[in-house]
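Spelled out, the chains give:
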Amino acid sequence: DLIGLEVVNREGVVLGSVADLMSSTAQTVLVVRAGVDEHGKARELLIPFVAAWVDGVDMPLRQIRVDWQPDPATGRGCCMTLRLPRQAPPGPPPG
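Calculation criteria
Residues numbered from 1 in each chain as written. Predicted model: local features only at pLDDT ≥ 70, side-chain atom pairs only at ≥ 80, totals over all residues. Heavy atoms only, no water. Core = buried A, V, L, I, M, F, W, Y, C linked by side-chain atoms within 4.5 Å. Buried < 20%, exposed > 50% of the residue type's maximum accessible area, 1.4 Å probe, protein only. Helix = DSSP H or I, 4+ residues; strand = E, 2+ residues; numbered from the N terminus. Contact = heavy atoms within 4.5 Å. Pairing = 2+ DSSP bridges. Axes fitted to C-alpha atoms, helices over the stretch in contact; angles between N-to-C directions. Phe/Tyr/Trp six-rings, centres within 6.5 Å; stacked < 30°, edge-to-face > 60°.

A.B. asks: How should the nonpolar core be read in this particular structure?
C.D. replies: Looking at soluble globular proteins, one finds that nonpolar side chains tend to be buried together. Grouped together as the largest cluster of nonpolar side chains are 15 residues, with contacts concentrated most on Val7, Leu30, Leu45, Ile47, Ile64, Val66 and Trp68. At the level of elements, β2 (14–23), β3 (28–36), β4 (42–48) and β6 (63–66) are the ones that each hand at least two residues to this core. In terms of residue count, β3 provides more of this core than any other element does, three residues in total. Each residue touching Ile47, except ones within four places of it in the same chain, is listed here: Val7, Thr28, Val29, Leu30, Val32, Trp53, Val66 and Trp68.

See below:
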């Protein structure tokens, strides 16, 4: 069961813990409880549970390692790091 596991990014920053799992038609999404905001409201991160974002699950350590960057303002998770394929530089037009 993934509920309660700590979520840590590649840099070792603890982003929060798994509070729930949401299923969509495309994928399962981790709902990560990431503390509270300046108004005392609970902050949640939604991290797709797919290989592009999740590096691994370590059950003995009760951790999920993710490729997710912390919010610079809070130090907690905020956003995806998009990895776009490299494109060849434009060449001369064909013909």
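From this point, the narrative continues.
A.B. asks: What is the right way to read the sheet that holds β6 from this model?
C.D. replies: Whenever strands of a sheet pair, they do so through backbone hydrogen bonds, lying parallel or antiparallel. Read from one edge of the open sheet, six strands run β4-β3-β2-β1-β6-β5, paired in mixed fashion. Edge positions in the sheet fall to β4 and β5 (54–58), since each has one partner strand and no second. Across the sheet, the mean angle from the axis of one strand to that of its neighbour is 35°, orientation sign disregarded. Looking at chain direction, β3 and β4 are connected through six bridges and run antiparallel. Looking at the pairing, Arg33 lines up with Glu44 of β4.

A.B. asks: What should I look at first to understand the packing of aromatic side chains in this one?
C.D. replies: Each aromatic ring pair is summarised here by two numbers: the centre-to-centre distance and the angle between the ring planes. In this structure the tally under the stated criterion is one aromatic pair. Their ring planes at 85° and their centres at 5.9 Å tell us that Trp53 and Trp68 sit as a pair that is edge-to-face. On the criterion of sequence distance, the pair formed by Trp53 in the loop between β4 and β5 and Trp68 in strand β7 (residues 68–70) is long-range, its members being 15 residues apart. There is no split in this pair, since Trp53 and Trp68 are both buried.

A.B. asks: Could you clarify how one ought to interpret the environment of Ala42 in this entry?
C.D. replies: Tracing the backbone shows Ala42 in strand β4. By relative accessible area, which is 52% here, Ala42 ends up exposed. The contact partners of Ala42, leaving out residues within four places of it in the chain, are Arg33, Gly35 and Val36.

Treat this as a map of the structure, not an account of what it does.
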